[in-house]
2 protein chains.
Amino acid sequence: MTDWCFAPCREPDASAEAAARARQDQLTKPRGALGELEALAIRLAGLQGRAQPAIEQVAIALFAGDHGVVAEGVSAYPQAVTGQMLANFVAGGAAISVLARQLGARLEVIDLGLAHPVQLAGVRSLDLGPGTANFAVAPAMTAEQCAQALAAGREALQRAAADGAQLFIGGEMGIGNTTAASALASQLLERAPADLAGRGTGLDDAGVQRKAAVLAPALALHGAHCHSPLETLRRLGGFEIAALAGSYLACAQQGVPALVDGFICSVAALVAVRLNPACQPWLLFGHRSAEAGHSAVLAALDARPLLDLGLRLGEGSGAALAVPLLQQACALHAGMATFAEAAVSERAP
Amino acid sequence: MTDWCFAPCREPDASAEAAARARQDQLTKPRGALGELEALAIRLAGLQGRAQPAIEQVAIALFAGDHGVVAEGVSAYPQAVTGQMLANFVAGGAAISVLARQLGARLEVIDLGLAHPVQLAGVRSLDLGPGTANFAVAPAMTAEQCAQALAAGREALQRAAADGAQLFIGGEMGIGNTTAASALASQLLERAPADLAGRGTGLDDAGVQRKAAVLAPALALHGAHCHSPLETLRRLGGFEIAALAGSYLACAQQGVPALVDGFICSVAALVAVRLNPACQPWLLFGHRSAEAGHSAVLAALDARPLLDLGLRLGEGSGAALAVPLLQQACALHAGMATFAEAAVSERAP
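An account of the accompanying structure is given in this report.

Thresholds applied
Residues numbered from 1 in each chain as written. Chains lettered and ligands numbered in written order. Predicted model: local features only at pLDDT ≥ 70, side-chain atom pairs only at ≥ 80, totals over all residues. Heavy atoms only, no water. Axes fitted to C-alpha atoms, helices over the stretch in contact; angles between N-to-C directions. Helix = DSSP H or I, 4+ residues; strand = E, 2+ residues; numbered from the N terminus. Parallel < 35°, antiparallel > 145°, perpendicular 65-115°, else oblique. Left-handed = near helix turned anticlockwise from the far one by under 90°. Contact = heavy atoms within 4.5 Å. Nonpolar A, V, L, I, M, F, W, Y, C, P; charged D, E, K, R; others polar. Salt bridge = Lys/Arg side-chain N within 4 Å of Asp/Glu carboxyl O. Buried < 20%, exposed > 50% of the residue type's maximum accessible area, 1.4 Å probe, protein only. Buried area = accessible area lost by both parts, 1.4 Å probe. Least-squares fit on C-alpha atoms with pLDDT ≥ 70 in both. Expected span 1.5 Å × (residues − 1).

**A closer look at the packing of helix α6 (residues 177-189) of chain A against helix α9 (residues 229-236) of chain A**
All names here are of chain A.
In step 1: For the pair α6 and α9, the least separation of the axes is 9 Å and the interaxial angle reads 150°. The pairing of α6 with α9 is recorded here as roughly antiparallel in orientation. With respect to the hand of their crossing, α6 and α9 are arranged in right-handed fashion. On α9, the residues that touch Ala-180, Ala-183, Leu-184, Gln-187 and Leu-188 of α6 are Thr-232, Leu-233 and Leu-236.
In step 2: Within the contact of α6 with α9, the residues separate by chemical class into six nonpolar, two polar and no charged.

Written out as structure tokens, the structure reads:
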């Protein structure tokens, strides 16, 4: 049921990439003067298989799920907020709703299972359970739940691709999910939980210490059983984190570039890369968040995010904020004149 | 003739800023979760004098001038490129041309004086001289030229403001102008030229050393005479750098926020702030460039730029690339629901 996760990924088109690189070097600017935007245009060319890439159709899938571990007192907000925010997403009042409108992006909201279920028009409900189990005492998910959540991510990407998406953004909502993400990152990176536990939605110092104090015994409980990335995901993850990982794997298998958001999405990306390393070229990173563990996860993924603005909201918002940079990189790549076209002298020999 | 530079600047509207701050704290996100975009929306509210700011009309003025100091062999490109690039700007093939189209921004190109004059439709020509004098041997500008260049910047801002600009971006083009900017920054910041001389359009290590070796005696020649920021600008600056400084001062006097580009523009901003410190609140900073001296200048201005992408092109391009972030900050500020509107629970007490 999870076999698809290990299926081959598409390979970036080396000839489109080479053509884009050659074009960059002829544009009317000192070579390299557009910095990371040059590498970005070249990379998008390889991913889209054309020398002049474009990002016009953006699809955002927002995965929501609740977390049993909130019973341990690890969040500054009550768990009912997950469902309340789902209503806000579809009503258009959340940050990601506003950014999706600005980008003209498709926004799909997927409820994977809440502790306090809600029925909302415009939300795709899967009901995998009343949130995950509390991983402080038991595995977060059954094998079936974990497989269903991974598949939900894949299906969201398939709908986006069928709609013509040229870029996929996954977002997440789930009170307690920085705790699950910190647990996953600690286990996968073999780092102490205290290094990866941050403020989440706004814990104070005592709250962060409590979070780390919940994580340490949970990792001791599950660690010896985490013999594969899939089992680690099942024991320590969450519905929305598994769905994100599934969506990233499907991006790489279907050939749609993904723009990864902040800490939780980056941990899902780490899970995806550990499950199937060939997915990595398809993952672009939108921003470096203020959440304490994000830099360690980015470093493990050798990722250089585009923005560094102290964001820590989630919902896919940091990725959405970076989309104009991708669009501008493509516009510059396609729209600038070459030295020959503009009759501009190249540098002195 | 330069008296206007010292005239009072507008003050940001503290009550609009307070209203915007109160609104930010009610939006459906953890407080501070939008990081620097929250401060940006609040600051723009103060500058625009309304609780819900917007950046719809952007004006870009691109100032070009040549530099006598290129006789010392400080640039990787021949001086004819300044005029060739002017043609490229108006033909639409330069980076800033592409970005202006993307933003729907007004782009005005102002030729202040080139070594190899060009006549181009769509370029406003002022002809202050055949480029500046070589500041390795003489002051770069006469007092009259410096005053005319400052006034040219002010006039560009006045045209932009009359056209309804809600944000002003100054750009620059001038072979040799990183050398002039490094000289100005060295003198104003009392730093060794070697700390502030960078690769410009693409010097190798030997070229950077030659640049620093040209700067040291030039600063020795002029330093004792630099008894005011205006005299420093006259002796070590350039036509386009003076115009940028004039435009920033006029922004502050007329109440139009300026988004400052990279190294050369930031040095012009430093000149403006030294001439009239009250202009500082009106200066926002688009990016941290790859040019070696930029970080020192930003630090002196206590500036936190929005982007850090290794850009080193000039033309105003790094500022133009940051405009969508300002627009998104405004859209989030205006478009997000409050906790009360969305019936989302606030954090636990």
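**Things to note about the pattern of salt bridges**
Residue and element names in this part refer to chain B.
In step 1: What the rule picks out here adds up to 25 salt bridges over all chains.
In step 2: Arg-106 serves as the salt-bridge partner of Asp-163, at 2.8 Å between the closest nitrogen and oxygen. Within this pair, whereas Asp-163 is found in the loop between α5 (143-162) and β4 (167-173), its partner Arg-106 is found in strand β2 (residues 106-113), the two being separated by 57 residues in sequence.
In step 3: Taking the relative accessible area as the measure of exposure, Asp-163 reaches 51% and is therefore exposed.
In step 4: Arg-106 gets classed as partly exposed once you look at its relative accessible area, which sits at 25%.
In step 5: Two residues, Lys-211 and Glu-291, come together in a salt bridge whose shortest N-O distance is 3.9 Å. Residue Lys-211 is found in helix α8 (residues 205-222), and its partner Glu-291 is found in the loop between β6 (283-285) and α12 (294-300); the two are separated by 80 residues along the sequence. Both residues of the pair, Lys-211 and Glu-291, count as buried.
In step 6: Taken together, the shared-partner salt bridges in this structure form one network comprising Arg-106, Glu-108, Arg-124, Arg-159 and Asp-163.

**Section: the interface of chain B and chain A**
In step 1: Across the contact, 54 residues belong to chain B and 54 residues belong to chain A.
In step 2: Interface of chain B and chain A: buried area, both sides summed, is about 4400 Å²; carbon and sulfur atoms make up 62% of it.
In step 3: Of all elements in the fold, only α2 (36-48), α3 (81-91), α4 (95-103), α13 (317-335) and α14 (339-342) of chain B reach the threshold of two or more residues within the side of chain B that touches chain A.
In step 4: Split into classes, the residues belonging to the side of chain B that touches chain A amount to 31 nonpolar, 15 polar and eight charged.

**Focus: the relation of the copies chain B and chain A**
In step 1: For the match of chain B to chain A, the screw axis carries a shift of 0.0 Å, the RMSD comes to 0.0 Å, and the turn is 180°. Such a turn and shift between the copies fits a two-fold axis.
In step 2: Looking at the interface residues of chain B, 100% of them are also at the interface in chain A, so both copies use one shared face.

**Remarks on helix α2 (residues 36-48) of chain A**
Residues lying three or four places apart along an α-helix face the same way, a consequence of the helix completing one turn every 3.6 residues.
In step 1: End to end, α2(A) covers 18 Å across 13 residues, agreeing with the expected 18 Å (1.5 Å per residue, within 8%).
In step 2: Most of α2(A) sits inside the fold, with ten of its 13 residues counted as buried.
In step 3: All of the buried residues in α2(A) are Leu37(A), Glu38(A), Leu40(A), Ala41(A), Ile42(A), Leu44(A), Ala45(A), Gly46(A), Leu47(A) and Gln48(A).
In step 4: At its buried positions, α2(A) is contacted by α1 (14-24), β6 (283-285) and α13 (317-335) of chain A together with α13 of chain B.
In step 5: Gly49(A) lies just past α2(A) and shows a positive phi near 65°.

**Here's the deal with the packing of α13(A) against α4(B)**
In step 1: Direction vectors running N to C along α13(A) and α4(B) enclose 130°, while the axes themselves pass 9 Å from each other. Classified by the angle their axes make, α13(A) and α4(B) are oblique. With respect to the hand of their crossing, α13(A) and α4(B) are arranged in right-handed fashion. Contacts between α13(A) and α4(B) involve Gln327(A), Gln328(A), Ala331(A), Leu332(A) and Gly335(A) from the first element and Ala95(B), Val98(B), Leu99(B), Arg101(B) and Gln102(B) from the second.

**Quick look at the environment of Ala45(B)**
In step 1: Within the secondary structure, Ala45(B) is located in helix α2.
In step 2: Sequence spacing of Ala45(B) and Arg304(B) is 259 residues, and the spatial spacing of their C-alpha atoms is 18 Å.

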